[in-house]
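If you want the building blocks of each chain, they are given just below.
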Amino acid sequence: MDGKSKKALSVLGDIVVVIIILAAVAVTVMAFSSRESGIPKLFGHSFMSVQSESMSGTFEKGDMIIVEDCNVDTLQKGEVITFWKYSGDTRFLNTHRIIERIETKFDIYDTVVITYRTQGDNNEEADADILATRDIVGRWTEQKVSKLGTILDFLGSKSGFLICVVVPIAIVFLFQLYRFISI
């Protein structure tokens with residue numbers, strides 16, 4: 001291998017290392033940010049995979065949607081929000097459209113409690129539960145990437161983590177070890 005080829009290969013290797021390190025930093029930031037809410041965030045935004053057809057027409061199962069932090073007291077009818085839904089001892093995320101904002105005034109405490117009624121765009125009926133503001137995770141930014149949610153689901157699996165995170169880091173480590181030994 002001539003000098004130019006070695007130099008080009010070295011630069012390419014350095015670029016790959018930098019990309020992997022940046023990706024690892026982004027994943028680390030998202031992991032630490034998920035401690036409080038249980039949802040990974042990057043600069044106030046969460047990247048979520050659509051798991052059902054309840055919002056079909058707006059976004060589809062397998063799409064990735066971007067949800068942003070928001071002031072839950074200012075949400076209005078028509079906005080699409082992500083929230084925690086409970087079924088027995090299990091909780092899961094759901095994303096539906098607000099169809100009604102309910103303001104209940106309590107004169108005794110001189111306060112107003114805001115709740116919301118939601119419905120999936122592809123559902124015939126409204127969700128059974130009234131939604132408390134404490135369960136709202138964020139508002140959909142109206143940004144989606146078709147089918148990228150399927151890839152996010154794979155990356156979140158054990159085999160996806162192994163293939164896409166552990167193996168590349170091991171390769172980078174071995175490559176750097178080889179470069180160190182050869183010097």
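Everything that follows concerns the structure shown earlier in this document.
Small disclaimer: the values here were computed from a predicted structure and weren't measured.

Peer 1: What exactly am I supposed to notice about the nonpolar core here?
Peer 2: Generally speaking, soluble globular proteins have nonpolar side chains that are buried together. Of all hydrophobic cores here, the largest spans 11 residues; its members are Ile-39, Met-48, Val-50, Met-55, Phe-59, Ile-65, Val-67, Val-80, Trp-84, Val-137 and Trp-140. The set of elements that each furnish at least two residues to this core consists of β2 (64-68), β3 (80-87) and β7 (136-145). The residues touching Phe-59, leaving out its near neighbours within four places in the chain, are Val-50, Ile-65, Val-80, Thr-95, Trp-140 and Lys-144. Ranked by size, the runner-up nonpolar core spans nine residues in total, among them Val-72, Ile-81, Ile-98 and Leu-131.

Peer 1: Is there a simple way to explain the packing of aromatic side chains in this structure?
Peer 2: When we look at a pair of aromatic rings, we describe it by the centre distance and by the angle of the planes. A full pass over the atoms with the stated rule returns one aromatic pair. When the ring of Phe-59 is compared with that of Trp-140, the centres are 5.0 Å apart and the planes differ by 75 degrees; the resulting orientation is edge-to-face. Here Phe-59, found in the loop between β1 (45-49) and β2, pairs with Trp-140, found in strand β7; they are 81 residues apart in sequence, far enough to count as distant. Seen from the ring of Trp-84, Arg-91 lies directly overhead, with NZ or CZ sitting 3.6 Å from the centre.

Peer 1: What is the right way to read the sheet that holds strand β5 (residues 111-119) from this model?
Peer 2: With antiparallel pairing, the seven strands of this open sheet are ordered in space as β1-β2-β7-β3-β4-β5-β6. Lying at the two open borders of the sheet, with one neighbouring strand each, are β1 and β6 (131-132). In this sheet, β6 lies alongside β5 in antiparallel orientation, the contact comprising two bridges. Bridge assignment links Tyr-116 to a residue of β6, and that residue is Leu-131. Sheet strands touched by helix α2 (residues 148-156): β1, β2 and β7. Its angle to β1, the strand with the most contacts, is close to 95 degrees.

Peer 1: I'm lost on the pattern of salt bridges in this one. Help?
Peer 2: If you walk through the whole model with that rule in mind, you get five salt bridges. Asp-121 is paired through a salt bridge with Arg-97; the nearest N and O atoms lie 2.9 Å apart. With Asp-121 in the loop between β5 and β6 and Arg-97 in strand β4 (residues 90-106), this residue pair connects regions lying 24 residues apart in the sequence. For Asp-121, a relative accessible area of 33% corresponds to the partly exposed category.

Thresholds, definitions, all that
Residues numbered from 1 in each chain as written. Predicted model: local features only at pLDDT ≥ 70, side-chain atom pairs only at ≥ 80, totals over all residues. Heavy atoms only, no water. Core = buried A, V, L, I, M, F, W, Y, C linked by side-chain atoms within 4.5 Å. Buried < 20%, exposed > 50% of the residue type's maximum accessible area, 1.4 Å probe, protein only. Helix = DSSP H or I, 4+ residues; strand = E, 2+ residues; numbered from the N terminus. Contact = heavy atoms within 4.5 Å. Phe/Tyr/Trp six-rings, centres within 6.5 Å; stacked < 30°, edge-to-face > 60°. Lys NZ or Arg CZ within 6 Å of the ring centre and 35° of its normal. Pairing = 2+ DSSP bridges. Axes fitted to C-alpha atoms, helices over the stretch in contact; angles between N-to-C directions. Salt bridge = Lys/Arg side-chain N within 4 Å of Asp/Glu carboxyl O.

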